[in-house]
Protein chains: 2
Amino acid sequence: MRTRDRIVDAAEQAIREFGIAGATTRRIARQAGCSEALLYKHFPGKEALFLAVLLERLPALGPALTRLRLSGGQGDVAANLKEFALAALEFYTRAAGIASGVLADPSLMTGFRAMLAETGSGPHLPILSLAEILRAEQRGGRLDAGLDAQAAASMLMGACFHRANLSYYVDLPEADETWAAAIVGTLVRR
Amino acid sequence: MRTRDRIVDAAEQAIREFGIAGATTRRIARQAGCSEALLYKHFPGKEALFLAVLLERLPALGPALTRLRLSGGQGDVAANLKEFALAALEFYTRAAGIASGVLADPSLMTGFRAMLAETGSGPHLPILSLAEILRAEQRGGRLDAGLDAQAAASMLMGACFHRANLSYYVDLPEADETWAAAIVGTLVRR
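Residues numbered from 1 in each chain as written. Chains lettered and ligands numbered in written order. Predicted model: local features only at pLDDT ≥ 70, side-chain atom pairs only at ≥ 80, totals over all residues. Heavy atoms only, no water.

**Some thoughts on the UniProt feature "domain: HTH tetR-type" (unreviewed entry) in chain A**
Here is step 1: The feature "domain: HTH tetR-type" (unreviewed entry), as given by UniProt, occupies residues 1–61 of chain A in the numbering adopted here.
Here is step 2: End C-alpha to end C-alpha, residues 1–61 of chain A measures 26 Å, and it is 79% helix and 0% strand. (UniProt positions renumbered as here; feature names shortened; annotations may be inferred. Helix = DSSP H or I, 4+ residues; strand = E, 2+ residues; numbered from the N terminus.)

**Digging into the interface of chain B and chain A**
Here is step 1: Across the boundary between the two partners, chain B contributes 47 residues, which contact 48 residues of chain A.
Here is step 2: Taken over both partners, the interface formed by chain B and chain A buries close to 4100 Å², and the fraction arising from carbon and sulfur atoms is 68%.
Here is step 3: Considering only the surface of chain B that becomes buried against chain A, Met 155, Tyr 169 and Arg 189 of chain B emerge as the three largest contributors, covering 20% of it.
Here is step 4: Applying the counting rule to chain B against chain A returns 2 salt bridges.
Here is step 5: For Arg 113 of chain A, the salt bridge goes to Asp 171 of chain B, with nearest N and O atoms at 2.5 Å.
Here is step 6: At the boundary of chain B and chain A, one finds 10 residue pairs in polar contact (both at pLDDT 80 or more).
Here is step 7: For the side of chain B that touches chain A, the leading source of residues is helix 9 (residues 149–169) of chain B, giving 15 residues.
Here is step 8: Of the residues assigned to the side of chain B that touches chain A, the class counts are 30 nonpolar, 12 polar and 5 charged. (Contact = heavy atoms within 4.5 Å. Buried area = accessible area lost by both parts, 1.4 Å probe. Salt bridge = Lys/Arg side-chain N within 4 Å of Asp/Glu carboxyl O. Polar contact = N/O pair within 3.5 Å; in protein donor to acceptor, adjacent residues only side chain to side chain. Nonpolar A, V, L, I, M, F, W, Y, C, P; charged D, E, K, R; others polar.)

**Observations concerning the nonpolar core**
Here is step 1: Of all hydrophobic cores here, the largest spans 144 residues; its most connected members are Ile 28 and Leu 130 of chain A together with Ile 28 and Leu 130 of chain B.
Here is step 2: In this structure, Ile 28 of chain B is in contact with Ile 7, Ala 10, Ala 11, Ala 14, Ala 23, Leu 39, Leu 49 and Phe 50 of chain B, ignoring residues within four places of it in sequence. (Core = buried A, V, L, I, M, F, W, Y, C linked by side-chain atoms within 4.5 Å. Buried < 20%, exposed > 50% of the residue type's maximum accessible area, 1.4 Å probe, protein only.)

**Let's talk about the domain arrangement of chain A**
The extent of an interface is frequently quoted as the accessible surface area lost upon association of the parts.
Residues and elements named next belong to chain A.
Here is step 1: Segmentation of chain A into domains returns domain 1 (1–57) and domain 2 (59–190).
Here is step 2: Inter-centroid distance (C-alpha atoms) of domain 1 to domain 2 is 27 Å.
Here is step 3: Both sides together, the interface formed by domain 1 and domain 2 hides about 970 Å², and carbon and sulfur atoms give 81% of it.
Here is step 4: Taken as a group, Ile 20, Glu 47 and Leu 54 account for 56% of the area that domain 1 buries against domain 2, more than any other trio of residues on that side.
Here is step 5: Joining domain 1 to domain 2, the criterion identifies 0 salt bridges.
Here is step 6: Our enumeration of links across domain 1 and domain 2 arrives at 0 residue pairs in polar contact (both at pLDDT 80 or more).
Here is step 7: Of all elements in the fold, only helix 1 (3–22) and helix 4 (46–57) reach the threshold of two or more residues within the side of domain 1 that touches domain 2.
Here is step 8: Looking at the side of domain 1 that touches domain 2, the element that brings in the most residues is helix 4, giving 8 residues.
Here is step 9: Residues belonging to the side of domain 1 that touches domain 2 are distributed by class as follows: 7 nonpolar, no polar and 4 charged. (Domains from an automatic or database assignment.)

Laid out in structure tokens, this is it:
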């Protein structure tokens, strides 16, 4: 196994066990069996390392968006969107530990924000991709053309992100499946 | 000024300055000019103290919900909902520092979750209140009766919560006002 992969694995495990504040580069390097100097050779900082965990070790949002795009024009729109909502819910639930750790640490957030700006990436981009997919379904006549696709995408992703966070605080009454079907239902109603 | 209020003020300031991980009871007590023992006489733990900051020092969601309820049946539904969405966005933006700090700290979250379960409260309750208000507008014929009020409330609150979090990571392209109007528009369209 390559050193880089061992470091990302060790970082993922450390975050799960100790929270992001406790996931020090010292602890991660020790667990990966390398020096802190070698860790910093692979990752310029904690921000880059945590981003690698997010992008490479979590159930990603990208594949779920790709599946939804490929299902465009086929099958039942509501069923496709519901499957996507459940995947987004799972992603946000697993990403919450890292995302909240970054947000709770002002200096880590400053570095993270600069890194995102430099690479032109960001956690808002999946909303834009989802809006594109909704527009394609509208052009195909499978989704109400009067719906604002951008706003609908904001609401669908936002509802999943919010629910993922809420589930850490309280036991939510409704099952995820029932909830996702109702959410999607507000978008596909005619 | 009562000791309790001085402690809550000091906690709010410490969280803003050092993040929740750096807002130690020692630092808060020193800033409030009291002993840690006295702090613990007023608050059984950091969880209770941080909840007090959330409930007593942030622009609250409660008053915004009350305003929306009182505007029921009057004025323009879309304008009322847009005003509420902007208030929710402001609340979630200011609450993000504490919420993420709690979520990022596994032991703090365990205590917080137990405290919420004991008091029957939780961050999901505003969704239920908003759904009740939407239902009243449906009964009054001012909102499409075919809309699932619970799902709509989930999406409106979720979109605000998500955007509040996104705004920490990236500069969002659209102005809040434009965004809120589009979000509300997907719910009030006929």
